[in-house]
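A closer look at the structure
Below are the chains, spelled out letter by letter.
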Amino acid sequence: MTSRILQEMTADKMCQQIALPVLEEVYPRELVCQVLHELDRWEQRERKLNHVLMVYLLIAWTLLPTMALKRVWSQLTSALRWLSHEASKPGLPGASALSYRRRTLGVGPLRLLMRLACQPLCEPSTPGAFCFGRRLIALDSKLFDVCETPENDWTFRGRTTDDQPRTQSPFPQLRLLSVLEIGSHAHVGAVLAPGFRSEMALVPEVLSFLPPNSLVLQDSGFRGAWWIQQLKQAGHDSITRLQADDYACHGERLWDGSYLVQIQRSQDLPLPEPLTLRIIEYRLDEQIAEPLAQLQRSRGRTGTRPAPPADQVYRLATTLLDPATAPAKEVAACYHERWELELVYDEVQEHQLSTPVLLSKTAMGVMQEAWAMLLGHYALRAWMMRSAQQDPAIDVDRLSFTQAVCVVGTALTLSAPLQWTPKEQWKPRVLQDLRQRDCLLPAKRRVRSYPRVIKTASTRFFVKRDKDVPFLFPDQTKTWKDFVRPLYASETPHEILLI
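Residues numbered from 1 in each chain as written. Predicted model: local features only at pLDDT ≥ 70, side-chain atom pairs only at ≥ 80, totals over all residues. Heavy atoms only, no water.

Looking now at the overall build of the protein chain. Along the protein chain, the regular secondary structure elements total 19 helices and twelve strands. Burial status across the protein chain gives 45% buried among its 499 residues. Relative to all contacts within the protein chain whose residues are 6 or more apart in sequence, the contacts with residues 24 or more apart total 71%. For the protein chain, the accessible surface area stands at approximately 28800 Å², while carbon and sulfur atoms represent 54% of it. (Helix = DSSP H or I, 4+ residues; strand = E, 2+ residues; numbered from the N terminus. Buried < 20%, exposed > 50% of the residue type's maximum accessible area, 1.4 Å probe, protein only. Contact = heavy atoms within 4.5 Å. Areas by Shrake-Rupley, 256 points an atom, 1.4 Å probe, with all protein chains shown as cover.)

Our next topic: the packing of helix α9 (residues 108–117) against helix α16 (residues 363–390). Pairs of packed helices are described in terms of their axes, by the angle between the two and the distance that separates them. In the contact formed by α9 and α16, the axes pass within 9 Å of each other and the chain directions differ by 25°. Here α9 lies roughly parallel to α16, going by the angle between them. Along this stretch, α9 crosses α16, giving a crossing that reads as left-handed. Across from L110, R111, L113, M114 and A117 in α9, the residues of α16 making contact are Q368, W371, A372, L374, L375 and Y378. (Axes fitted to C-alpha atoms, helices over the stretch in contact; angles between N-to-C directions. Parallel < 35°, antiparallel > 145°, perpendicular 65-115°, else oblique. Left-handed = near helix turned anticlockwise from the far one by under 90°.)

Evaluated as defined, the whole model comprises 14 salt bridges. By sharing partners, the salt bridges in this structure join E25, R386, K423 and K427 into a single network. (Salt bridge = Lys/Arg side-chain N within 4 Å of Asp/Glu carboxyl O.)

Right, let's get into the pairing of strand β2 (residues 134–146). β2 sits mainly inside the fold: ten of its 13 residues count as buried. When strand β1 (residues 130–131) meets β2, the two strands line up antiparallel, connected through two bridges. When the bridges of β2 are listed, C131 appears paired with R134. Bridging between β2 and strand β5 (residues 214–218) involves five bridges; their strand directions are parallel. What sits directly across from I137, in β5, is V216. The pairing of β2 with strand β3 (residues 173–181) spans nine bridges and is classified as antiparallel. Directly across from L143, in β3, lies its bridge partner R175. For β2 and strand β12 (residues 357–358), the ladder comprises two bridges, and the chain directions are parallel. Bridge assignment links D145 to a residue of β12, and that residue is V357. (Pairing = 2+ DSSP bridges.)

Another aspect to go through is the packing of aromatic side chains. Enumeration over the complete set of coordinates arrives at three aromatic pairs. A centroid spacing of 5.5 Å and a plane angle of 20° characterise the contact between Y282 and Y314, whose relative ring orientation is stacked. With Y282 in strand β8 (residues 269–282) and Y314 in strand β11 (residues 314–318), this pair connects stretches of sequence that are 32 residues apart. Since its relative accessible area comes to 18%, Y314 is described here as buried. Seen in terms of ring centroids, W383 and W426 are 6.5 Å apart; in terms of plane orientation they differ by 40°. Their pairing is tilted. Taken together, the residues span a long stretch of sequence, with W383 in helix α16 and W426 in helix α19 (residues 423–434) at a distance of 43 residues. (Phe/Tyr/Trp six-rings, centres within 6.5 Å; stacked < 30°, edge-to-face > 60°.)

Here we take up the pairing of β8. Regular strands have side chains that alternate between both faces of the sheet. Note: strand β7 (residues 259–266) against β8, seven bridges, orientation antiparallel. Pairing of I263 across the sheet is with L275, part of β8. The turn linking β7 back onto β8 is made up of two residues, and Q267 within it adopts a positive phi angle of 55°. Bridge count for β8 against β11 is five bridges, and the pairing is antiparallel. When the bridges of β11 are listed, I280 appears paired with L316.

Moving on to helix α10 (residues 150–157). Restricting attention to buried positions, one finds in α10 the residues N152, D153, F156 and R157. Burial along α10 is one-sided: seen end-on, the buried residues are contained in an arc of 100°. Exposed and facing more than 90 degrees away from the buried side of α10 are P150 and W154. Contacts made by the buried residues of α10 are with β2, β3, β4 (186–194) and α16. (Arc of directions from axis to C-beta.)

Turning to helix α14 (residues 328–335), its buried residues number three or more, namely A328, V331, A332, C334 and Y335. Seen along its axis, α14 keeps its buried residues to an arc of 160°; they face one direction. At its buried positions, α14 is contacted by β1, β2, β5, β6 (237–241), β8 and β11.

Bringing the nonpolar core into the picture now. L23, Y27, L113, L174 and W371 are the most contacted members of the largest nonpolar core, which totals 105 residues. In terms of residue count, α16 provides more of this core than any other element does, 17 residues in total. Ranked by size, the runner-up nonpolar core spans 17 residues in total, among them L139, V179, V188 and W227. (Core = buried A, V, L, I, M, F, W, Y, C linked by side-chain atoms within 4.5 Å.)

Our next topic: the side chain of H236. When you line up the elements, H236 lands in the loop between α12 (225–233) and β6. Here H236 falls in the buried class, since its relative accessible area comes to 5%. A polar contact is formed between the side chain of H236 and the backbone nitrogen of S214, at a distance of 3.3 Å. When neighbours within four sequence positions are excluded, H236 is seen to be in contact with R134, L210, P211, P212, N213, S214, L231 and T319. (Polar contact = N/O pair within 3.5 Å; in protein donor to acceptor, adjacent residues only side chain to side chain.)

What follows covers the side chain of T318. Within the element layout of this structure, T318 appears in strand β11. In this structure T318 comes out as buried when scored by relative accessible area, which is 0%. A distance of 3.0 Å separates the side chain of T318 from the backbone oxygen of S238, its partner in a polar contact. Only 3.1 Å separates the side chain of T318 from the backbone nitrogen of L320, close enough to count as a polar contact. Those residues in contact with T318 that lie beyond four places of it in its chain are S238, I239, L277, R278 and I280.

So, on to the confidence of the model for the protein chain. Chain-level pLDDT for the protein chain is 85 on average; 89% of the residues reach the 70-or-more range. Within the model, pLDDT remains below 50 along residues 1–11, and this stretch shows 14 contacts once partners closer than five positions in the same chain are excluded. (pLDDT = per-residue confidence, 0-100.)

For the rest of this paragraph, the subject is the packing of helix α5 (residues 51–63) against helix α8 (residues 95–105). One way to put it is that α5 packs onto α8 with a least axis distance of 10 Å and a crossing angle of 105°. By the criterion of interaxial angle, the relationship of α5 to α8 is roughly perpendicular. Along the contact surface, α5 presents H51, M54, V55, L57, L58 and W61, while α8 presents L98, R101, R102, T104 and L105. Among the residues making up the contact of α5 with α8, the classes are represented as seven nonpolar, two polar and two charged. (Nonpolar A, V, L, I, M, F, W, Y, C, P; charged D, E, K, R; others polar.)

Printed below as a string of structure tokens:
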């Protein structure tokens, strides 16, 4: 006779009974314990929560976007609490307990866990994962809005030399510099910093995240020759977008129309050794170039940017110097894969987060929430990749991310029954639900481009200033009724004769 959940329960604390099999498949409990041991983050006293469970709870928080952190814990433990034989059900940790555990856990364990666990998921046979014999990696950054509190404003918005708030943004922001494996849409590395930090100041930190033999795709914000040379010295190649006047042709062209340039200096500083780049120039076919030229572009800092003409020349710089192994047309088509990173930012901000603002009110909480968000996204992508590998006929790009959020979120809420069920029984069914036929995306993605406009009216409100603060009632003991003064009312009631 098989045992039931109630028969397997022990009298230990709730934090020792609960397990999250869906997350432990991606982040094994032994690895989490190793991270806590290396950083010496074990709690001095274990109560309703411990640090091992707190790591999983923060990740689960980002996978159940409609719930607060306390509600997530209530949802994960509901089966154990409702089915318990004890007369008085175990109490839930309060807001102060969760804040205390988050503060003692810190940011280090989540950051180290991502470095150790978030490894490339694609194999050489994965469609769209490799090009020219190298693994495709996209590099770009994004700003996330942060809850506006004095501590967050000081940390993420920064101050100028005269101790005034920086004016680049009216509110604090967090910058995420992503290292994305294009084939799986999984983050294999990331750097988090205040929003006022520039991209080029952070790129040296991502060098250690790059898998061996990578082909890095990056936009024109990363066109520094010193950075491209560091990538080449580390064994990686790159394709970078150039401005219209960067490294113009002054010599002979190769048979495919590209040409080689040799760079001696970068930002008025000599390079350790000369850097040779191959410059590729191309135009789009007029069939799509003319409609694209009519699309509205986003505003620049000094007004509306001029729309590029239909005959615009696009220019790329690459360290793939042999046109025989990397033809110009193939390199230009490969660079277009960089836009997969924009789809990942849409996944995170529109489907994984409940609000467009990170909710933590302290700088440590914001960083902790951001690392948990990245760990949660990697867990979703890891499950999607495993599901796609079960059916070689399905590309992982066809799996729906919103479907994965629903399936993994449901599996999290069923953690108590799943931990007492053999993994061989429930795991194949979860993988099957992730690739349901009626939820698959189209096999061939259509080419599309949208104007950078929003459908909204001009705001009727004034710009917020320092004097615009919430109004507080002078006497907090009174209610709104005490401040109501009816017109033409008498202080003493009069008798009314009813006829």
